[in-house]
Amino acid sequence: MSLLSIGTVAFDTIETPFGKAERVIGGSCSYIALAASYFTPKVNIVAVVGDDFPEEKIQVMNQHGINTEGLQIKEGEKSFFWAGKYHMDLNSRDTLTTELNVLADFDPIIPESYQDCAYLMLGNLTPQVQQTVINRLKKRPKLILMDTMNFWMEVAMDDLKATIKMVDVLSINDEEARQLSGEHSIVKAAKVIMEMGPKFLIIKKGEHGALLFHKGEVFFAPALPLEDVFDPTGAGDSFAGGFIGYLAKTNDISFESMKRAVIYGSAMASFCVEKFGPEALMNLTQAKIENRVQEFIDLVQFEIVLD
Ligand code: AMP
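One structure accompanies this document, and this report is about it. It should be emphasised that the depicted structure is a prediction, and the values quoted were computed from it without experimental measurement.

1. Thoughts on unusual backbone geometry
Glycine aside, a negative phi is what most residues show, and trans is what most peptide bonds show.
Turning to step 1, where the next piece is worked out: Non-glycine residue Leu90 carries a positive phi angle of around 65°.
Turning to step 2, where the next piece is worked out: Locating Leu90 in the fold gives a position in the loop between strand E6 (80–86) and strand E7 (93–99).
Turning to step 3, where the next piece is worked out: The buried category is assigned to Leu90, whose relative accessible area is 14%.

Here it is as structure tokens:
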């Protein structure tokens, strides 16, 4: 089924305990679209860059079947820029710089050919823009998944809550869930957040896996214990891309299907963190993805016979 993703296409400067990468290609939409491209033949994107963004990087996206008709290129303007530094445990990071640049007055134009989208991924972006995209689709998609981050909670909480109300699934990390709900307990936070609107909630816990909440139920997926983690940037977005890509491929949005989607999402995130930037998402194969999913299955499979 057709998938539309919005989000940032950006330059990132990333510092981890293992090194520094300057102005690599990043942005929520880049990671989401690349991860999702392994599941659905066509991923449509709506995003904005400045004329400093290299044409060959757009071509790389096209080679992955990503349709960039909705990618606006603003002459004389600069692309979104983000710089972050990870702490020693790689689970937490500080944002050093966020330069909105072209994002400051982004008007998301949706090409007519995108209007039939069944799956909408609202990648991390200005909440007002996320909402505009929903309103500009003539028909409500079958499923809307939204990702966001603490930055928007600090600068646009009201808009953020209004957008959260309109989506089916919200994906955030544990720290953000606490900030959004005002609750320390993740279970209590999940209840508060689901009362804001979404029927499904994903809370990502970095190297400690991810939780999927729905009504009174909860499903847990571990993160794969990896020998080498170089750069967690984009892990959450790769997770989201794998998750919604799998749902779009199977066109099944039941809770059972979402559990499997969480595993596929976790598999895509595990590839992402193995290299700096989105590089690891560029050269995957179906066989590599299936092998990785098998590792998840093996990791959590056990037999207990209860009396
Ligand atoms: P993640 O590690 O999954 O949270 O995603 C990191 C990506 O999000 C980076 O490539 C950044 O370019 C992008 N990013 C950082 N801050 C923001 C923001 N405020 N809005 C949208 N995208 C952002």
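Here the narrative resumes.
2. Notes on the sheet that holds E6
Turning to step 1, where the next piece is worked out: Taken in spatial order, the 4 strands of this open sheet run E3-E2-E6-E7, and their pairing is mixed. Only two strands of the sheet have a single neighbouring strand rather than two, namely strand E3 (19–26) and E7. Each neighbouring strand pair of the sheet contributes to a mean axis angle of 15°, computed without reference to strand direction.
Turning to step 2, where the next piece is worked out: Of the pairings in the sheet, the one linking strand E2 (residues 10–16) to E6 comprises 6 bridges and is parallel in character. Across the sheet, the residue bridging to Ile14 is Gly84, located in E6.

3. Structural notes on the pattern of salt bridges
Turning to step 1, where the next piece is worked out: Tallied over the full model, the rule gives 11 salt bridges.
Turning to step 2, where the next piece is worked out: Between Arg292 and Glu295 there is a salt bridge; the shortest N-O distance is 3.9 Å. Separated by 3 residues within a single helix, Arg292 and Glu295 lie in helix H10 (residues 286–300), roughly one turn from each other.
Turning to step 3, where the next piece is worked out: The exposure class assigned to Arg292 is buried, which follows from its relative accessible area of 10%.

4. Considering the environment of Val293
Turning to step 1, where the next piece is worked out: For Val293, the location among the structural elements is in helix H10.
Turning to step 2, where the next piece is worked out: Look at Val293 and you get buried, because its relative accessible area is 7%.
Turning to step 3, where the next piece is worked out: Between the C-alpha atom of Val293 and that of Arg260, which follows or precedes it by 33 residues, the distance is 9.7 Å.
Turning to step 4, where the next piece is worked out: Excluding anything up to four places from it in sequence, Val293 contacts Ile263, Tyr264 and Ala267.

5. Re the packing of helix H8 (residues 235–250) against helix H9 (residues 255–272)
Turning to step 1, where the next piece is worked out: One can describe the packing of H8 onto H9 by two numbers: an axis separation of 7 Å at closest approach and a directional angle of 140°. Classified by the interaxial angle, the pair formed by H8 and H9 is oblique. Both H8 and H9 take part in a crossing whose hand is right-handed. Residues Ala235, Ser238, Phe239, Gly242, Phe243, Tyr246, Leu247 and Thr250 of H8 touch H9, and the partners they reach there are Ser257, Met258, Arg260, Ala261, Val262, Tyr264, Gly265, Ser266, Met268, Ala269 and Cys272.
Turning to step 2, where the next piece is worked out: Residues of the contact of H8 with H9, tallied by class, amount to 12 nonpolar, 6 polar and 1 charged.

6. Observations concerning the site of the ligand
Turning to step 1, where the next piece is worked out: Around the ligand, the surrounding shell holds 19 residues, and the nearest of these are Asp12, Gly27, Arg93, Gly234 and Asp237.
Turning to step 2, where the next piece is worked out: At 3.0 Å from a nitrogen atom of the ligand is found a side-chain nitrogen or oxygen belonging to Thr8.
Turning to step 3, where the next piece is worked out: Between Gly236 and the ligand, the recorded distance is 3.2 Å, taken from a backbone N or O atom to an oxygen atom.
Turning to step 4, where the next piece is worked out: Computed on the free molecule, the ligand has an accessible area of 510 Å², of which 94% lies beneath the protein chains in the complex.
Turning to step 5, where the next piece is worked out: Counting only elements with at least two residues in the shell around the ligand, the list comes to E2, E6, helix H4 (150–155) and H8.
Turning to step 6, where the next piece is worked out: Per-element accounting of the shell around the ligand gives the leading share, 3 residues, to H8.
Turning to step 7, where the next piece is worked out: When grouped by side-chain class, the residues that make up the shell around the ligand number 9 nonpolar, 7 polar and 3 charged.

7. Regarding the nonpolar core
Turning to step 1, where the next piece is worked out: Judged by nonpolar contacts, the single largest core of 62 residues is most densely connected at Phe243, Met268 and Leu281.
Turning to step 2, where the next piece is worked out: Those residues in contact with Met268, other than ones at most four positions away along the chain, are Ala35, Tyr38, Phe39, Ser238, Gly242, Leu281, Leu284 and Ile289.
Turning to step 3, where the next piece is worked out: Membership of the second largest hydrophobic core comes to 45 residues, among which are Tyr86, Ile193, Leu201 and Ile203.

8. Some remarks on the environment of Ile186
Turning to step 1, where the next piece is worked out: With respect to the element layout, Ile186 can be found in helix H7 (residues 186–195).
Turning to step 2, where the next piece is worked out: Taking the C-alpha atoms as reference points, Ile186 and Glu175, 11 residues apart in sequence, are found 9.2 Å from one another.
Turning to step 3, where the next piece is worked out: In this structure, Ile186 is in contact with Asp174, Arg178, Ile203, Leu211 and Phe213, ignoring residues within four places of it in sequence.

The rules behind the values
- Residues numbered from 1 in each chain as written.
- Predicted model: local features only at pLDDT ≥ 70, side-chain atom pairs only at ≥ 80, totals over all residues.
- Heavy atoms only, no water.
- Helix = DSSP H or I, 4+ residues; strand = E, 2+ residues; numbered from the N terminus.
- Buried < 20%, exposed > 50% of the residue type's maximum accessible area, 1.4 Å probe, protein only.
- Pairing = 2+ DSSP bridges.
- Axes fitted to C-alpha atoms, helices over the stretch in contact; angles between N-to-C directions.
- Salt bridge = Lys/Arg side-chain N within 4 Å of Asp/Glu carboxyl O.
- Contact = heavy atoms within 4.5 Å.
- Parallel < 35°, antiparallel > 145°, perpendicular 65-115°, else oblique.
- Left-handed = near helix turned anticlockwise from the far one by under 90°.
- Nonpolar A, V, L, I, M, F, W, Y, C, P; charged D, E, K, R; others polar.
- Near = heavy atom within 4 Å.
- Polar contact = N/O pair within 3.5 Å; in protein donor to acceptor, adjacent residues only side chain to side chain.
- Areas by Shrake-Rupley, 256 points an atom, 1.4 Å probe, with all protein chains shown as cover.
- Core = buried A, V, L, I, M, F, W, Y, C linked by side-chain atoms within 4.5 Å.

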